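This is what each chain is made of:
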Amino acid sequence: MALIPVHFEYRTGLRPDEATGQDRRVLFSAVRLLGSWDAAGRYRDSDWSPVTMTRFVADDGGEAWRATVALDDADRGRAFRWTVRGDPKDGRIDVPALPTEVRDTRRSVRYREFTLWRADQIERYHLTAMRRLGANKVYTGDPETDNSGPGIRFACWAPNARCVEVVRGHRDSGYIHADGRGIDGRPYRMVRDCDGMWTTDSSIEPDMADFAAWRHVPYMFRVTRKDGSVRYRTDLFSRCQIGRGSKNPDDPVSTWDGTRDDVDGTLSCSVVVDPEQIVAQFDEGVWPETDWTKPTEFWASEFDPDRPVPSRVEDLVIYEMHVAALGFGRLDPRTGEPDPGTLKDAIDRLEYLVDLGITCIELLPMNEYEGNAAWGYGSSHFLAIEFAGGGRDQMKYFVRECHRRGIAVILDVVYNHYIHEAERAQWVYDSPDHLDNIWYWYEGRPEDYVDYQRVALYGEGDRPASGHGGYIDNLSTGYAPRFHEETVRQLFISSAAMLVTEFHIDGFRVDQTTSIHAYPVLHANGRPADGAKAFGVKFLREWCATLRLIRPSVMLMAEDHSGWAAVTEPVDQGGLGFDAAWYADFYHHLIGDGTTDQSKARLLHTAGLGGDGPLAMGAFAGALSAAATGCVVYHESHDEAGNGEGTARTIVTAVNHAPLVGETRRWAEARCRVVAAVSILSPGTPMFFMGEEVGAAQPYRYDDFLWHREDLDSLRAGVGKNLFTFHQALIRLRRESDALRSRTIDLVHAHDANRVIAFRRWAGNDQGLVLASLNNRPFPNGYTVHSAGLPDGPWREALNSDAAPFGGAGIGNAAPVTASGGAISPILPACGVVVLRWGETDP
């Protein structure tokens, strides 16, 4: 029989790790191709035969594997399937290496499909697109041996465009106007392939032969759209956006000063950067930099063996940090207004945080966002780090300095929508037609929605917009991404892969995953968008599976409010693949200032209103137990520190907004110590927002946070000293105890009238008992609780929130407390927490 050779390539987009010496493989020690054919090349639907793939370095410099299979010519025109399995370098054997599921909402199988049609056809799979799209190095020879240096390849996905070209901008202004003003030189031609990818070719444009000549060059894509209109678009896979201001130069009332420092980065030119270079010493006032070091040299001193970085979610005590809200007291010399914080400011906070004892920093989103001072929950360029916040090199310095101190770094990422003003980013990128709006999910046809009267979210101001009814709302501030498009998913996947491999980020918190898999509805009428939900599930599984393949220890957390158990179940068991999910109900039960839901305990809010009435300790007990099921819990987050309706900082809620002076402050701090302890000693992974440790009281809102920054160092040295000392002791206790880091919990006692709750934690022989009271009076003669799980013998007081160093009255248990027959009676202070540990003697 005649045979047709077909070539298969598996491209990772990940560069070989120069630090591994002779073994330059990134992910795998071996890779195997499997497909719907037998050993003779004939089609076979089952029992696929493996074919060993050969490693090579692709023309983008990334690790790749290939194999050739000869298929029966008689099967020409038949659809074949194939997949890849590999043996990762970490010792795992025969794991699925192709995380992308088929484009069918009814199936979750993972394979590729192609039609056999000619000899020597090439079938490729890209694990990531981080070196496929954007401005990247390209090699004409073997990247490992070719000394001639790489060229540059620009690549842009624009399947509806008539023509796409690269244009250069000026470094000083960093902006190209809608009418083309600001272009430096002539346009460069790009060539379209069958997938709608437009790329440059050095054989057509010789200037593309030298990557070095393009370093730090601003550029945009000039897109001739489907209707013939010309638009200037940023590179959505850009690794840097040059703007660091907040102005739109094309706004008729703009006061833009003509420099890159004043233009909004989401609108500015993209910039060519070399990901294999890291600035040797960063100076925020100097760009472009000229002094560089190699990643292998930069990361060589990343870790201190005496300060190991945690790699399990259970071992984290998370400090939620907003970089732009740092930099207390600093003003912009040009405007006299508050100057947003940068990653340099975050680095300057690290010794303070080492003293505090936290083990992880979670940064609010740092992908390129609108303006220069925002929360970041609206990204435009997912491979770029917000330039106004310090940019890509400062992020690497920040991560390295954290790791040197034994602190993990989690990054908040937003995939449920894009920025609102996305005209130069995702919105109508290559066609003005709604059906062809490639980055956004759209259902039906525009004529289906001529008469609907809902307000459009994009492009039409505040007027109802004909045709917008087909977009998908998901309780975010924008329309849902088109998750059924592989390139759309790859934007988010490649961003995360880049952050893990190039920036050494330890994990992610994905914003509002419920907006991706549960909330989508049609914009026109609110009808459930089941297709969008199903592909949202597929995207989240692919995202988690890809990251687990690249780094098995990556820590993945979802802000998910669905209560769906699959969120934290492994992908291979049908789950989404996250390690933990944010548990908002824990906050509403424990604090409760942001809800009027009477089914929630609302403990602190109710206690802060005053009086001695009962508190719903029994209702909270259920939330406390549920925290053991893979949850991140918190007594304060960025959402509830004054931005959400009815919310305030914890110390303010603790006394119902009364002035924090004298006895009122003493009661406020005592209640703050209780809720902090219950959260941090719970079976969930604890987190709190920056400033909680010193009693920050100013409201934290998305639109005016710069005007409400607080001097945390001064608070620590002054009125917040006792709270800081308490948080130090509390965190140290959790870190030192296997029991308190475990997921185990036994609800020993909950009494609404007495306002007391008690729970036991254990791991092996390590036993801890936490008793928390929001009663306004102490129990000086002891408070008895019963549990069959309490071992007999002495229990030593390991922590008492009423101790004098914490600002308390010193009511507690100086001597060990003896348990007998499952009963124990420790002294409890008013509004206090006592932690007992079993079998320990006084230190």
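Residues numbered from 1 in each chain as written. Predicted model: local features only at pLDDT ≥ 70, side-chain atom pairs only at ≥ 80, totals over all residues. Heavy atoms only, no water.

Colleague: Can you tell me about the pattern of salt bridges, naming the residues and giving the values?
Modeller: Taken as a whole, this structure holds 69 salt bridges when the rule is applied. Note that Glu 486 and Arg 112 form a salt bridge whose closest N and O atoms lie 3.1 Å from each other. A residue pair is termed long-range when its members are at least 10 positions apart, and Glu 486 in helix α5 (residues 486–501) and Arg 112 in strand β8 (residues 112–115) qualify at 374 residues. On the basis of relative accessible area, Glu 486 is assigned to the partly exposed category, the value being 24%. A salt bridge links Arg 509 to Glu 559, with the shortest nitrogen-to-oxygen separation between them at 2.9 Å. Linking Arg 509 in strand β27 (residues 507–510) with Glu 559 in the loop between β29 (555–558) and β30 (580–582), this pair joins segments that are 50 residues apart in sequence. What you see here is one network of salt bridges that share partners, running through Arg 15, Arg 131, Lys 137, Arg 215, Arg 239, Asp 274, Glu 276, Arg 392 and Glu 502. (Salt bridge = Lys/Arg side-chain N within 4 Å of Asp/Glu carboxyl O. Helix = DSSP H or I, 4+ residues; strand = E, 2+ residues; numbered from the N terminus. Buried < 20%, exposed > 50% of the residue type's maximum accessible area, 1.4 Å probe, protein only.)

Colleague: Outline the confidence of the model for the protein chain, listing residues and values.
Modeller: Per-residue confidence for the protein chain averages 94 on the pLDDT scale, and 96% of its residues sit at or above 70. For residues 18–24, every residue scores under 50 in pLDDT, and the model assigns this stretch 9 contacts once sequence neighbours within four places are set aside. Considering only residues more than four positions removed or in separate chains, one finds that residues 460–464, a stretch of pLDDT under 50, has 10 contacts. (pLDDT = per-residue confidence, 0-100. Contact = heavy atoms within 4.5 Å.)

Colleague: Mind laying out the pairing of strand β25 (residues 408–413), listing which residues take part and the relevant values?
Modeller: Successive side chains on a regular strand alternate, one facing one side of the sheet and the next facing the other. Taken across its 6 residues, β25 has 6 buried, putting it largely inside the fold. Strand direction decides the pairing type here: β25 and β27, joined by 4 bridges, are parallel. Bridge pairing in β27 links Leu 411 to Phe 508. (Pairing = 2+ DSSP bridges.)

Colleague: Tell me about the packing of aromatic side chains, and name the residues and values.
Modeller: Enumeration according to the criterion identifies 51 aromatic pairs in this entry. Between Tyr 188 and Trp 214, the ring centres sit 5.4 Å apart and the planes meet at 70 degrees, which makes this aromatic pair edge-to-face. Placement of the pair is Tyr 188 in strand β13 (residues 188–189) and Trp 214 in the loop between β15 (197–199) and β16 (218–224), with a sequence separation of 26 residues. Pair check on accessibility: Tyr 188 and Trp 214 agree, each one buried. (Phe/Tyr/Trp six-rings, centres within 6.5 Å; stacked < 30°, edge-to-face > 60°.)

Colleague: Can you tell me about the sheet that holds strand β14 (residues 191–192), naming the residues and giving the values?
Modeller: If you trace the 4 strands from one edge of the open sheet to the other, you get β10-β11-β15-β14, paired in antiparallel fashion. Across the chains shown, the open sheet's two edge strands, defined by having one partner strand only, are β10 (134–138) and β14. Pairing analysis gives 3 bridges linking strand β11 (residues 151–157) to β15, with the strands arranged antiparallel. What sits directly across from Ala 155, in β15, is Thr 199.

Colleague: Let's hear about the nonpolar core: which residues, and what values?
Modeller: Phe 154, Met 395, Phe 398, Trp 439, Phe 508 and Trp 543 are the most contacted members of the largest nonpolar core, which has 223 residues in total. When residues in this core are grouped by element, the largest group, 11 residues, is from helix α7 (residues 530–550). Excluding residues that lie within four positions of it along the chain, Phe 154 makes contacts with Gly 134, Ala 135, Val 166, Met 190, Trp 198, Thr 199, Thr 200, Met 208, Trp 214, Tyr 219, Phe 221 and Val 272. Leu 769, Val 785, Trp 795 and Leu 828 belong to the second largest nonpolar core, which has 16 residues in total. (Core = buried A, V, L, I, M, F, W, Y, C linked by side-chain atoms within 4.5 Å.)

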